[in-house]
Each structure stands twice: as C-alpha cells, then as structure tokens.
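Inside the fold
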Amino acid sequence: MNVLWGIVMMAIGVLFVYWGSTESGFVAYRLLAARSRVLWGERVHRFYQVVGAVLVVVGLLWAMGVIW
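Below you will find a few notes about this structure. Not measured: the values here are computed from a predicted model.

1. Structural notes on helix H2 (residues 27–40)
Taking 1.5 Å of rise per residue, the 14 residues of H2 would be expected to cover 20 Å, and the 19 Å separating its terminal C-alpha atoms lies within 8% of that figure. Roughly 25° is the biggest bend found in H2, and it falls at Ala34. Close packing links the buried residues of H2 with helix H1 (2–22) and helix H3 (44–64). Gly41 lies just past H2 and shows a positive phi near 65°.

Here's what the structure looks like:
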C-alpha cells in the first residue's frame, strides 16, 4: 500500500513542477496559485516548482520503504 501512495505523491509532485514551470492556466492550479500569491507574491510559480520537487523525492522514498 505504501508503494501506491508513494507513486500518487510523486505524480502530484510532477504535476506541481509542470504547472509551476509552465505557469499553467488549469483551474485547480490557478486556484492554488491565487491563494499562495498572498504569501509568495510573484514567486508563487517557483514555490510550486520547489514543493513539487520535494513531493517527488518524499514520494520516491515512501514508495521504496525508506520512510514510513
């Protein structure tokens, strides 16, 4: 079961990196970016790129069983 959740987490991380890189117009990303823009300003897309990369790494570690 941990493998499945690790893969799901990695997929979400990849989406965040992609959306942040392309400054996507996808509705879900626009809503998230609008809420985050209050705190992060114009660096909101870079924020989602970093968060996505962290999610990919944590998801990989979780899928491999390194972390619980």
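2. Regarding the packing of H1 against H3
Relative to each other, H1 and H3 sit at 160°, their axes nearing to 7 Å. The orientation of H1 relative to H3 falls into the category roughly antiparallel. For the crossing formed where H1 meets H3, the hand is left-handed.

3. A short note on the packing of aromatic side chains
Applying the stated rule across the entire model yields 7 aromatic pairs. Centroid distance Phe16 to Tyr48: 5.3 Å. Interplanar angle 80°. Geometry classified as edge-to-face. Of the two residues, Phe16 sits in helix H1 while Tyr48 sits in helix H3, which places them 32 residues apart along the sequence. Residue classification places Phe16 among the buried residues on the basis of a relative accessible area of 13%. Between the aromatic rings of Tyr29 and Tyr48, the centroid separation amounts to 5.5 Å while the plane-to-plane angle is 70°, which identifies the pairing as edge-to-face.

4. Observations regarding the packing of H2 against H3
Between H2 and H3, the least distance of the axes is 9 Å, while the angle of their chain directions is 110°. Judged by the inter-axis angle, H2 sits roughly perpendicular to H3. Crossing of H2 against H3: the hand is right-handed. When H2 is examined against H3, the residues Tyr29, Leu32, Ala33, Ser36, Arg37 and Trp40 are found in contact with a partner set consisting of Val44, His45, Phe47 and Tyr48.

5. Some remarks on H3
Over its 21 residues, H3 runs 30 Å from end to end, which matches the ideal 30 Å to within 8%, given 1.5 Å per residue. For H3, the set of buried residues is Val44, His45, Tyr48, Gln49, Gly52 and Gly59. Along the axis of H3, the buried residues cluster in a sector spanning 140°; they form a single face. Set apart from the buried face of H3 by more than 90 degrees, the exposed residues are Arg46 and Met64. Those residues of H3 that are buried are in contact with H1 and H2.

Calculation rules
- Residues numbered from 1 in each chain as written.
- Predicted model: local features only at pLDDT ≥ 70, side-chain atom pairs only at ≥ 80, totals over all residues.
- Heavy atoms only, no water.
- Helix = DSSP H or I, 4+ residues; strand = E, 2+ residues; numbered from the N terminus.
- Expected span 1.5 Å × (residues − 1).
- Bend = angle between axes of the 7 residues up to and from the residue.
- Contact = heavy atoms within 4.5 Å.
- Axes fitted to C-alpha atoms, helices over the stretch in contact; angles between N-to-C directions.
- Parallel < 35°, antiparallel > 145°, perpendicular 65-115°, else oblique.
- Left-handed = near helix turned anticlockwise from the far one by under 90°.
- Phe/Tyr/Trp six-rings, centres within 6.5 Å; stacked < 30°, edge-to-face > 60°.
- Buried < 20%, exposed > 50% of the residue type's maximum accessible area, 1.4 Å probe, protein only.
- Arc of directions from axis to C-beta.

Shape is all these values report; function is a separate question.
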